[in-house]
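What follows is the residue order along each chain.
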Amino acid sequence: MTDSNTCENFTRSGLKLETVHQESPRSDVFRKRATKPLLNQRQHQKRLTWAKDKKDWTAAQWSKVLFSDESKFCISFGNRGPRVWRKSGEAQNPRCLKSSVKFPQSVMIWAAMSSAGVGPLCFLKSTVNAAIYQEILEHFMLPSADKLYGEADFIFQQDLAPAHTAK
């Protein structure tokens, strides 16, 4: 894997990604990815406390939980952007470049799910703020809870994003 067409060979050779991962430590080929911490220390501690509080919950208790979250999905390149395999020094090799767009198309979706089933997807046209979130709760979460739980008690679980807890 030392020829100048490394990028093209990886994509056209039919190699399995697992093979590339296994062989890459033995060569100078690497995959680039930018990372950032997902949780700060306070958030980490809150989630750990939440998990410890619920570690002994029964299936019956978990069956009463309606989980919700929203996520942005990038349509153009998946959620992580375009990726290429390349060797050191090949950063500007045209065979190792993929075209990109400055603002890739994406869609924001909110959903709720539980052991009783799932609610409808809510396709959002803007970022979520307190007013948008209240509309989501009124028009999507409450009808979902009615459909999934009827008159029974349930616990609504969301991730405490700032828009979810704004006054």
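Quick notes on the rules
Residues numbered from 1 in each chain as written. Predicted model: local features only at pLDDT ≥ 70, side-chain atom pairs only at ≥ 80, totals over all residues. Heavy atoms only, no water. Helix = DSSP H or I, 4+ residues; strand = E, 2+ residues; numbered from the N terminus. Buried < 20%, exposed > 50% of the residue type's maximum accessible area, 1.4 Å probe, protein only. Contact = heavy atoms within 4.5 Å. Areas by Shrake-Rupley, 256 points an atom, 1.4 Å probe, with all protein chains shown as cover. Bend = angle between axes of the 7 residues up to and from the residue. Polar contact = N/O pair within 3.5 Å; in protein donor to acceptor, adjacent residues only side chain to side chain. Expected span 1.5 Å × (residues − 1). Patch = residues over 30% accessible without salt bridge, like charges linked within 9 Å, V, L, I, M, F, W, Y side chains within 5 Å. Salt bridge = Lys/Arg side-chain N within 4 Å of Asp/Glu carboxyl O.

(A) Representation of the overall build of the protein in the model. On a plain count of helices and strands, the protein comes out with six helices and seven strands. Seen in sequence order, the protein has helices and strands lined up from the N terminus as α-α-β-α-α-β-β-β-β-β-α-β-α. Residues classed as buried in the protein amount to 23% of the 167 residues present. The long-range share in the protein, meaning contacts at least 24 apart out of those at least 6 apart in sequence, stands at 69%. Here the protein displays about 12,300 Å² of accessible surface, and carbon together with sulfur accounts for 54% of that area.

(B) Looking closely at the side chain of S68. Relative to the elements of secondary structure, S68 occurs in strand β2 (residues 65-74). Among the residues examined, S68 registers a relative accessible area of 7% and is labelled buried.

(C) Region of the structure containing helix α5 (residues 130-149). The largest bend along α5 reaches roughly 40° and is located at L137. Inspection of α5 places Y133, I136, M141, S144, A145, L148 and Y149 among the buried residues, and these make up the whole buried set. Looking at where α5 begins, the residue whose side-chain oxygen comes 3.1 Å from the main-chain nitrogen of A131 is N129. Immediately beyond the C-terminal end of α5, within one or two residues, lies G150, with a positive phi of roughly 60°.

(D) Quick look at helix α3 (residues 41-54). The first and last C-alpha atoms of α3 sit 20 Å apart over 14 residues, in line with the 20 Å expected at 1.5 Å per residue. Where α3 begins, one side-chain oxygen reaches toward the backbone nitrogen of R42, 3.1 Å away; that side chain belongs to N40.

(E) Spatial organisation of a nonpolar patch on the surface. On the surface, a nonpolar cluster with roughly 340 Å² of combined accessible area is contributed by W50, F67, M113 and V118. By the element assignment, M113 lies in strand β4 (residues 106-114). Given the relative accessible area of 37%, M113 is considered partly exposed.

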